[in-house]
Amino acid sequence: MKIPILMYHQLEAHAPKGAPLRGLVVRPATFARHMALMRFLGYRGLSMGDLMPYLLGEKQGRVFGITFDDGYENNLRHALPVLQRHSFTATCYAVGEALGKTNAWDADLGIAQVALMDAAQLKQWHAGGQEVGSHSQNHLRLTALAPQAMRAQIVESRDGLSAVLNEPSGVRHFCYPYGDFDPAVVEVVRGAGYLTATTTVRGRFDTHQPGDLMLIPRVLVSRSTTWLHLLLKCFTRYEDKRGGV
Ligand SMILES: [Zn+2]
């Protein structure tokens, strides 16, 4: 079984023309259409935690993963009501030290600064039945850091975000900032007790050849992803053939 795990970033109707990475700002109406289509086809959208039994081959069914990178406040406003309407769950990967701030890591690229969920909003997302994952502490390239600093990014974000949520099981799912990892980073993530880690490698998760749960590929969804395009990405080899990043 091939399981598509969708990767979204921002959900907003307007995105400045010509702005870098504008393609990662998906219209809320498009997102709603994507979810309605998958529901219509009999598929259930699940967070990484809820997807675990399927990834491990313990359960089979019509499921797909839903993830949001960076922890934008517009996810809370535009995704939560849609997810709840369909009884879907999703994982939002938050940046530990950036709660209530903006995507400052994008500033040098000329990318618009947008609000990230603060602690109260992240709790609201979680209380709404959704999952919070870690996208590290400061959204740095982990392979560029010294071992101690790299480890701190991975462990402290887990502890900090778990404390915010006040949930005993804590934050158990990780997403590499910039999709940047190497064997050392992967081993620290695994050693920190995370159950999965998602990458920006494009493709669907293959339950027959699951590979490493610390190197999970995803299906990129962008502003130009129509419903037809989404079908191709989820149900054909279209995305698998993209490979790479
Ligand atoms: Zn990111």
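Summary of the structure given here.

Cut-offs used in this document
Residues numbered from 1 in each chain as written. Predicted model: local features only at pLDDT ≥ 70, side-chain atom pairs only at ≥ 80, totals over all residues. Heavy atoms only, no water. Donors = N, O, S within 2.8 Å, 3.2 Å for Na, K, Ca; no water. Buried < 20%, exposed > 50% of the residue type's maximum accessible area, 1.4 Å probe, protein only. Core = buried A, V, L, I, M, F, W, Y, C linked by side-chain atoms within 4.5 Å. Helix = DSSP H or I, 4+ residues; strand = E, 2+ residues; numbered from the N terminus. Contact = heavy atoms within 4.5 Å. Polar contact = N/O pair within 3.5 Å; in protein donor to acceptor, adjacent residues only side chain to side chain. Pairing = 2+ DSSP bridges.

**Brief notes about the coordination of the zinc ion**
Line of reasoning, step 1. Those protein atoms acting as donors to the zinc ion are Asp70 (OD), His135 (NE2) and His139 (NE2), and they sit at 2.1 to 2.2 Å.
Line of reasoning, step 2. The class of His139 is buried, set by a relative accessible area of 5%.

**Let's talk about the nonpolar core**
Line of reasoning, step 1. Residues Tyr8, Phe31, Met35, Phe68, Leu83, Trp125 and Ile154 are the most contacted members of the largest nonpolar core, which totals 46 residues.
Line of reasoning, step 2. In terms of residues, this core owes the most to one element, helix H6 (residues 147-165), which gives six residues.
Line of reasoning, step 3. Not counting residues up to four positions away in its chain, the partners in contact with Leu83 are Phe31, Met35, Ile66, Phe68, Phe88, Ala90, Trp125 and Gln130.
Line of reasoning, step 4. Among the nonpolar cores identified, the runner-up in size contains 14 residues, and Met48, Leu51, Val63 and Phe205 belong to it.

**Looking at helix H5 (residues 119-127)**
Line of reasoning, step 1. Structurally, the start of H5 carries an N-cap: the backbone nitrogen of Ala120 is 3.2 Å from a side-chain oxygen of Asp118.
Line of reasoning, step 2. Positive phi shows up at Gly129, right after H5, with a value of about 90 degrees.

**What about the pairing of strand S10 (residues 196-202)?**
Line of reasoning, step 1. For S10, a buried count of five out of seven residues is recorded, marking the element as mostly surrounded by other parts of the structure.
Line of reasoning, step 2. Note that strand S9 (residues 173-175) and S10 share three bridges and pair parallel. Counted as the bridge partner of Phe174 is Ala197 from S10.
Line of reasoning, step 3. Note that S10 and strand S12 (residues 216-220) share two bridges and pair parallel.

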